[in-house]
Amino acid sequence: MQQWQEIKKRHDDIVLQLADASLENATRAALQKELSQLSTILAKHHDLESLEHYIKQTQTQAAANADAELALLYQEELTDLEHRSRARKNELDNLMFPPDAHDNRSIFLEIRAGTGGQEAALFAADMARMYTNYGVKKGWKVTVESTSGTDLGGFREVVLHMQGNNVYGHLKFESGVHRVQRVPATETQGRVHTSTATVAVLPEAEEVDVNINPSDLRIDTFRAGGAGGQHVNMTDSAVRITHIPTGVVVSCQDERSQHKNKAKAMKRLQALILAAEVERQHAQNSKLRKGLVGTGQRAEKVRTYNYPQNRVTDHQVDITLKKLDMVMEGNLDEIIDALQEKERHDRMGISFLERIKISH
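Note that the structure is a prediction, hence the values are computed from the model and not measured. Residues take numbers from 1 onward in each chain, read along the sequence in its written order. Local features are withheld for residues below a pLDDT of 70 in this predicted model, meaning they are given only at 70 or higher, and side-chain atom pairs are given and counted only at 80 or more; totals for whole chains, interfaces and linings count all residues. Each side-chain value is derived from all of the structure's non-hydrogen atoms; neither hydrogens nor water enter the calculation.

1. Looking at the pattern of salt bridges
(1) Moving on: Basic side-chain nitrogens of Lys or Arg form a salt bridge, by our definition, when they fall within 4 Å of a carboxyl oxygen of Asp or Glu. Evaluated as defined, the whole model comprises 20 salt bridges.
(2) Moving on: Sharing partners across several salt bridges, the network here consists of Glu110, Arg112, Glu157 and Arg268.

Take a look at the structure:
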């Protein structure tokens, strides 16, 4: 009850503020947006209260009526009313505790070999295959944006562009350190080694998300290395872009056209800058969740893959599966579902008014 009194008070306070003719346009726009959210929530809550009051009346009438035929009709009506009530509660929960605004975005998924030398690079390649298979199973479009390979077929770095519905909502929990325990292909003694790879999941930015001033960019061109034929090696088709205020650097050399490489590099730069803002908001959210451990920061240990025991453990939700072979083939649903459920519980740990303060 106190929560609804606070929301109603905030609603009324905003109405008074908006009556001030001297209010700055930016402040007025922000307050109008918040007022719209609050008005919608209060209206939904009022509808739900009315419905629950009607349910109680119907229950009382049903209990007082001895006629069997009427009792059956009352029960049918109650079933319908309770179904509508659950639907209204879900609608209200989605308004009060909305999902991440970026969940429906496509992503750039960056995988980098960590500690472990060649074995870490081979693990990075295994992970790229795992995520590619998962994306294909989901019906997403998965393309390799850029790679930096090793002699044994591993990746020092690989960037996947994954496009589809709710890609970020499924894979945003993957950011962090992934640890593998297995006998390396290069090991002759049969000893189990521990290696790591890091993953960064970047929601694809839209034009309205990131405003980059062209004067803040330093753009360098250079000759692409690796395979590609005489044209690639003899022209300055590769592009490196540095965002001077943040120091973020991206490069692309996969296309034969300098223009195409520049366009690809700009999309990744926008995604990196947006990801920094998303992490800032997640950090603010985590401070409000008492006892919450883990915020999806890249430095955290996310998951351990133990090959000798065919075991995978996700440390964010403390879930262990004895089916590593299936997980590495892209069968990640059991883990992803648990992570999404945890996020839903975490969202409800922040009151609506606190969430409004964060978003503004």
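Text resumes after the structure shown.
2. Concerning the sheet that holds strand E11 (residues 319-321)
(1) Moving on: DSSP-based pairing: two strands are paired if at least 2 bridges between them are found. Only DSSP runs of H or I with at least four residues qualify as helices, and only runs of E with at least two residues qualify as strands; both kinds are numbered from the N terminus onward. Reading across the sheet, the 8 strands line up as E2-E3-E1-E5-E4-E9-E10-E11 and stay open at both edges, with mixed pairing between neighbours. Sheet topology places strand E2 (141-149) and E11 at the edges, where each strand pairs with a single neighbour. The sheet shows a mean angle of 15° between the axes of neighbouring strands, direction not considered.
(2) Moving on: Pairing analysis gives 3 bridges linking strand E10 (residues 311-314) to E11, with the strands arranged antiparallel. In the sheet register, valine 312 faces E11, and the bridge partner there is leucine 321. Structural elements are reduced to axes, namely lines fitted to C-alpha atoms, with helices fitted over the stretch in contact, and the angle between N-to-C directions of any two is expressed from 0 to 180 degrees.

3. Quick notes on the pairing of E2
(1) Moving on: Here 8 bridges tie E2 to strand E3 (residues 155-163), and the two strands are oriented antiparallel to one another. Bridging from a neighbouring strand, valine 144 pairs with leucine 160 of E3.
(2) Moving on: If you look at the hairpin formed by E2 and E3, you'll find 5 residues sitting between the two strands, and glycine 153 has a positive phi there, around 95°.

4. A closer look at the environment of isoleucine 55
(1) Moving on: With respect to the element layout, isoleucine 55 can be found in helix H2 (residues 25-64).
(2) Moving on: As for isoleucine 55 and glutamate 82, which are separated by 27 residues in sequence, their C-alpha atoms are 7.4 Å apart.

5. Some words on the packing of H2 against helix H3 (residues 68-96)
(1) Moving on: Close contact between H2 and H3 brings their axes to 10 Å; oriented N to C, the two are set at 160°. The angle between H2 and H3 falls in the class roughly antiparallel. You can see that H2 and H3 cross each other, and the crossing is left-handed.
(2) Moving on: Polarity classes work like this: nonpolar for Ala, Val, Leu, Ile, Met, Phe, Trp, Tyr, Cys and Pro, charged for Asp, Glu, Lys and Arg, and polar for all others, with Gly in that last group. For the contact of H2 with H3, the class distribution of residues is 12 nonpolar, 6 polar and 9 charged. Roughly parallel here means an angle under 35 degrees, roughly antiparallel means over 145, roughly perpendicular means 65 to 115, and every remaining angle is called oblique. Two helices cross in a left-handed way if the nearer one is turned anticlockwise from the farther one by less than a right angle. They cross in a right-handed way if the turn is clockwise.

6. Here we look at the confidence of the model for the protein chain
(1) Moving on: Scored from 0 to 100, pLDDT reflects the predictor's confidence in each residue. Looking at the protein chain as a whole, its pLDDT mean stands at 84, while 85% of the residues score no less than 70.
(2) Moving on: Contacts from residues 227-232, a stretch scored under 50 in pLDDT, to residues over four places away or in other chains number 5 contacts.
(3) Moving on: The model gives residues 285-299 a pLDDT under 50, and that stretch makes 30 contacts with residues more than four places away or in other chains. We call two residues in contact when some of their heavy atoms are within 4.5 Å.

7. A short note on the sheet that holds strand E6 (residues 217-222)
To summarise the sheet geometry, strands pair through backbone hydrogen bonds and adopt either a parallel or an antiparallel arrangement.
(1) Moving on: Pairing within the open sheet is antiparallel, and its 3 strands lie in the order E6-E7-E8. Of all the strands in the sheet, just E6 and strand E8 (248-252) have a single pairing partner and so form its edges. Taking each pair of neighbouring strands and ignoring which way they run, the sheet shows an average axis angle of 15°.
(2) Moving on: Both E6 and strand E7 (residues 238-243) contribute to a ladder of 6 bridges, which runs antiparallel. Residue pairing for E7: isoleucine 219 is matched across the bridge by isoleucine 241.

8. Here's the deal with the environment of serine 50
(1) Moving on: When you line up the elements, serine 50 lands in helix H2.
(2) Moving on: Note on classification: 1.4 Å probe, protein chains only; a residue is buried when its accessible area is under 20% of the maximum for its type, exposed when over 50%, partly exposed between these limits. For serine 50, a relative accessible area of 38% puts it in the partly exposed group.
(3) Moving on: Sequence separation between serine 50 and serine 85 is 35 residues, and the spatial gap between their C-alpha atoms is 10.0 Å.

9. Comments concerning H3
(1) Moving on: Between the first and last C-alpha of H3 there are 41 Å, a value that for 29 residues agrees with the 42 Å anticipated at 1.5 Å per step.
(2) Moving on: N-capping of H3 is provided by aspartate 67, with a side-chain oxygen placed 2.9 Å from the backbone N of glutamate 69. The length a helix should cover is 1.5 Å for every residue beyond the first. Any N or O atom pair separated by 3.5 Å or less is treated as a polar contact, with the protein-specific requirement of one donor-capable and one acceptor-capable atom, and with residues adjacent in sequence counted only for side-chain atom pairs.

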